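Commentary on secondary and tertiary structure
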Amino acid sequence: MYSFEPTEEQQMLLDTINRYAVNDLRAQAYDADEAGELPARLIEKGWELGFLQASIPEAYGGFGDRSAVTGVLAAEEFAYGDLAGGLAVLTPGLFATPILLAGSEEQKQKYLPPMVEAEWQPFTAALIEPSFDFDPLDLHTTAVEDGDGYVLNGVKMYVPYASTAEAMIVYARLGDQTQGFIVEKDAPGLKVGERDKTLGVYALPLYRVHLEGVRVAKSDRLGGAEGHEFAPILDASRLAMAAMAIGLSRGAMEYARDYAKERDVFGVKVAQKQAIAFMLAEMATEIEAIRCLLWEAAWMVDSGKPEASKFAYLALTGAADAAMMVTDRAVQVLGGHGYIREFPVERWMRNGRGFAMLNGLVVI
Amino acid sequence: MIEFEIPKPIAMTNNALETVAINMMRPKSRYFDEHEHEIPWDYINFMHMAMRQTGAGSLAPEEKKKKTDEQGKERPRIGYQTLAFMLEMLSWGDTGMYLVTPGGGLGAAAVEAAGSPEQKEKFLARFKGEKPAFGAMAMTEAQAGSDTSAIRATAVLDKETNEWVLNGEKIFVTAGHKALCESDGLVVVWATIDPTAGRAGMRAFVVTGSTPGVQVTKLEHKLGIRASDTASIVLQDARVPFDHILGSAEVIKDPTTKGFKGAMATFDATRPLVSAMAVGVARAALEFLKEKLAEEGVEIRYGLPRTKLTNIEREVIDMEILLRSAWLLVIKAVWMADNRKPNSMEASMSKVRAGDIVTKITQRVVELMGPMGFSRDYLVEKWFRDAKISDIYEGTGQINRLIVARQVLGYSGRELR
Ligand SMILES: Cc1cc2nc3c(=O)[nH]c(=O)nc-3n(C[C@H](O)[C@H](O)[C@H](O)COP(=O)(O)OP(=O)(O)OC[C@H]3O[C@@H](n4cnc5c(N)ncnc54)[C@H](O)[C@@H]3O)c2cc1C
């Protein structure tokens, strides 16, 4: 059967995140963006909503089961508040979710319960690389087998909270596969470089990470000595990224809509001009259509459909385009005011450009 | 719970419909495109027989009692979803031919929505008879297209005979000729019973081929969907019995009669079905392109960043996104209709999206096929022509944008014209 209705439980979670997104994330987004920094209390409050904890089974200290559909619903709401803040709250998921999806029993036991039971802690992951042709399935960073372990070499960028992270998953090419390796903070050869300077998400601390002959034990390869499949992790990232693109777009569309209903031009509200009203109609249609695409992809992942990866890819590609289209028009609806930083649409336009290229900034 | 599993009964019918599309429609597509105004009787007779047996195909699923399964649990309604799948598949076959599928079309849908039980009995029985019959809906006039309130056709009650006397000229009536001249069908004609009352005075009347004073005066020659007849109908003192009015005959006292609103509500339900047809055409074109590429050994590599994709891969991937998202929006709109959720916004969104993507996709595919795209050796050029109508009838792309915008903005028709 088809259904477009979240369960009651999902709806409750959404309402909770939505309140936080509007009252906290959105309210503090401007200051955080200008300061290049998110208040610790803000992140902790988001963490206490318990979204990630609820996607981890009781056996590992959580209180629920992971669902891709719930994940995209939640991620949309976080990004609706603020992308940088949402990504910060979800950063520990960059570490926990791959372990949940692909980790060995030992890795799950070791890492998940203490993470889930504690307050927000900077656990992270390093996937993205500083190259034009960055491709999660064809990395430049290498892992080479060496005796009882592996040696990692390469450069990563946009690693959230790398400077303070307790541990991170580093993705590298091993043979012709992308594999994850758990690297603790003081591993020899792991060097956290400068903070990356970016087009958007100013408030989120992102770092360059250099791997210079970092040794990893076999037991610290994600999934253990046998390794793991990368597709489920990549799908989880694509879906979460796509959902955040939708959330950000929805925020931008609604803001532009409300603004247009207030703004007077030529004796009417600017929203009463078809040139503006039609843009808004198209923005709303785009969001609705791509959200359907995303939900279907998430449902495919949850139902183990073989074509799930393809559809997660299509959803992210579509959502990234949608975010650009919608945020660009949101700025246009505000005219000159859209270009001014006091109005959030310019921030959304900057934040909205990364979705197509930055796979791996979030995994839930 | 959010889910996207095609309901089993739909999946089963879909297979049968695909066979019809492949065997009865595609082989005849070119012929009926090149022989405008000829009638594909083989297809029509076959569909009539098949639909009589299965009861499928009416554009307005009848108000049946809710079905229950063995445990007494209600089974979800899927009537409009079933139709959306059917129309998508048959339009994938040939959307012009789909439009001549017998069974009542928009005319019957209006009767279903606005007629009394007696009227439904009286008017709809003809569609279940021995011979195929067609239904049509005539709103548009030379001076009144998007602006339906500008219609001038009139209906005046002759108190002596208790008949409505209709006068006016309707244009662009899909299947109008088949309804009146080629079968014992009906046309639902919109006319005003009070020219001073604007929309509140507009009513729909059932007119049949045997109605005196009704004449089909013209069949249009078109860019595409040539298998579908587009008729002009002149009404000259055409007389129909009093009970041929759908909804209340009173105007001023009750300007928002249930009948009128009911008929309008049908269009919220039928609009996503027109979107489904558009999606079918778009899918035909995109699948054809992918087949040809595969024959040439071109493989589409999903999962790569854009930087690494070839142009053709990029094009195909982008078109797949457009197609799939448009289709799911259609599904959402009909799912809402089935579940009695107000879907006016989603219905129009689906129409905006489907009209956009079918024109875009067919246009791109013609180009991407190179010189062969321009050739009548293939159906691609035909789909490109067929596609454009989706952005025009059942509300143009602009009219549907207006409807969406009003919903998004919370504006009335007066606040946003
Ligand atoms: C093949 C075919 C089959 C048809 N079948 C039927 C049928 O079965 N029954 C029937 O009743 N009609 C039918 N029609 C008519 C169809 O619904 C109308 O053609 C359509 O609604 C547009 O009306 P119009 O052609 O008068 O264009 P106009 O209304 O004159 O529009 C011209 C242009 O102006 C735009 N426009 C109009 N109003 C606005 C506005 N307020 N804001 C912005 N832009 C606006 C339109 O989008 C369009 O681009 C059919 C038409 C065709 C071509």
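The structure reproduced in this document is the subject of the present report.

Side note on the overall build of chain A
Counting secondary structure elements, chain A contains ten helices and ten strands. Over its C-alpha trace chain A gives a radius of gyration of 20 Å, about what one expects of a compact globule, namely 21 Å for 364 residues. Seen along its three principal axes, the alpha-carbon backbone of chain A occupies a region of about 75 × 50 × 35 Å. Across the 364 residues of chain A, 61% fall into the buried class. Summing over all exposed atoms, chain A offers an accessible surface of approximately 13600 Å²; the carbon and sulfur share of this is 51%. Taken together, the 32 basic and 52 acidic charged side chains of chain A have centroids lying 5 Å from each other.

Some thoughts on the site of the ligand
Lining the immediate surroundings of the ligand are 20 residues, of which Thr 140, Ser 146, Phe 172, Thr 174 and Thr 396 of chain B lie closest. Mapping the residues near the ligand onto chains gives chains A and B. Between the ligand and the protein, one listed contact pairs a nitrogen atom with a side-chain N or O atom of Thr 174 of chain B at 2.7 Å. Within the side chain of Gln 398 of chain B, one N or O atom sits 2.7 Å away from an oxygen atom of the ligand. Taking 970 Å² as the accessible area of the ligand by itself, protein coverage stands at 67%.

Considerations on the packing of aromatic side chains
Within this structure, the stated rule accounts for 20 aromatic pairs over all chains. Between the aromatic rings of Phe 95 of chain A and Tyr 111 of chain A, the centroid separation amounts to 5.1 Å while the plane-to-plane angle is 80°, which identifies the pairing as edge-to-face. You can see Phe 95 of chain A sitting in helix α5 (residues 93–102) and its partner Tyr 111 of chain A sitting in helix α6 (residues 105–117), a full 16 residues away along the chain. You'll find Phe 95 of chain A and Tyr 111 of chain A in the same group, each marked buried. Taken together, the aromatic side chains of Tyr 2, Phe 4 and Trp 299 of chain A together with Phe 4, Phe 85, Trp 327 and Trp 335 of chain B make up a single cluster linked through ring pairs. A cation over a ring is seen here: Arg 350 of chain A above Tyr 202 of chain A, with NZ or CZ 4.4 Å from the ring centre.

Here we look at the packing of α5 of chain A against α6 of chain A
All names here are of chain A. Following both chains from N to C, one finds α5 and α6 inclined at 140°, their axes separated by 10 Å at the closest point. For the pair α5 and α6, the crossing hand works out as left-handed. The segment α5 lies against α6, with Phe 95, Ala 96, Ile 99 and Leu 100 engaging Gln 107, Lys 108, Tyr 111, Leu 112 and Met 115. For the contact of α5 with α6, the per-class residue count stands at seven nonpolar, one polar and one charged.

Here is what the cut-offs are and how they apply
- Residue positions within a chain follow its written sequence, with the count starting from 1.
- As they are written, the chains are lettered A onward and the ligands numbered 1 onward, keeping that order.
- Given that the model is predicted, a residue must reach a pLDDT of at least 70 before its local features are reported, and side-chain atom pairs must reach 80 or more before they are shown or counted; all residues, however, enter totals for whole chains, interfaces and linings.
- Heavy atoms throughout the structure, all of them, feed into the side-chain values; hydrogens and water do not.
- Each helix is a run of H or I in the DSSP string that is no shorter than four residues. Each strand is a run of E no shorter than two, and both are numbered from the N terminus.
- Throughout, the radius of gyration refers to the C-alpha atoms, and the reference size of a globule is 2.2 Å times the residue count to the power 0.38.
- Note on exposure labels: buried denotes an accessible area under 20% of the residue type's maximum, exposed denotes more than 50%, and partly exposed covers the range between, all computed with a 1.4 Å probe on protein chains only.
- In short, Shrake-Rupley with a 1.4 Å probe defines the accessible areas, and a residue's cover is counted only from the protein chains shown.
- When charges are counted, neither His nor the chain ends are considered; positive counts come from Lys and Arg and negative counts from Asp and Glu.
- By convention, the charge on Lys lies at NZ, on Arg at CZ, on Asp at CG and on Glu at CD.
- When we say a residue is near a molecule or strand, we mean one of its heavy atoms is within 4 Å of it.
- Within 3.5 Å is the distance limit for a polar contact, defined as a pair of N or O atoms, with the added protein rule that one can donate a hydrogen and the other accept it, and that residues adjacent in sequence qualify only through two side-chain atoms.
- What counts as a ring pair is set by centres within 6.5 Å for rings of Phe, Tyr and Trp (its six-membered ring), and what kind of pair is set by the plane angle: stacked under 30 degrees, edge-to-face over 60, tilted for all other angles.
- Any Lys NZ or Arg CZ found within 6 Å of a ring centre and within 35 degrees of that ring's normal is scored as a charge over the ring.
- Lines fitted to the C-alpha atoms define the axes, with helices restricted to the stretch that makes contact. Angles between their N-to-C directions range from 0 to 180 degrees.
- In this scheme the handedness of a crossing depends on how the near helix is turned from the far one: anticlockwise by less than a right angle means left-handed, clockwise means right-handed.
- Contact definition: two residues touch when any of their heavy atoms are within 4.5 Å.
- Each residue gets one of three labels, nonpolar for Ala, Val, Leu, Ile, Met, Phe, Trp, Tyr, Cys and Pro, charged for Asp, Glu, Lys and Arg, and polar for the others, Gly among them.

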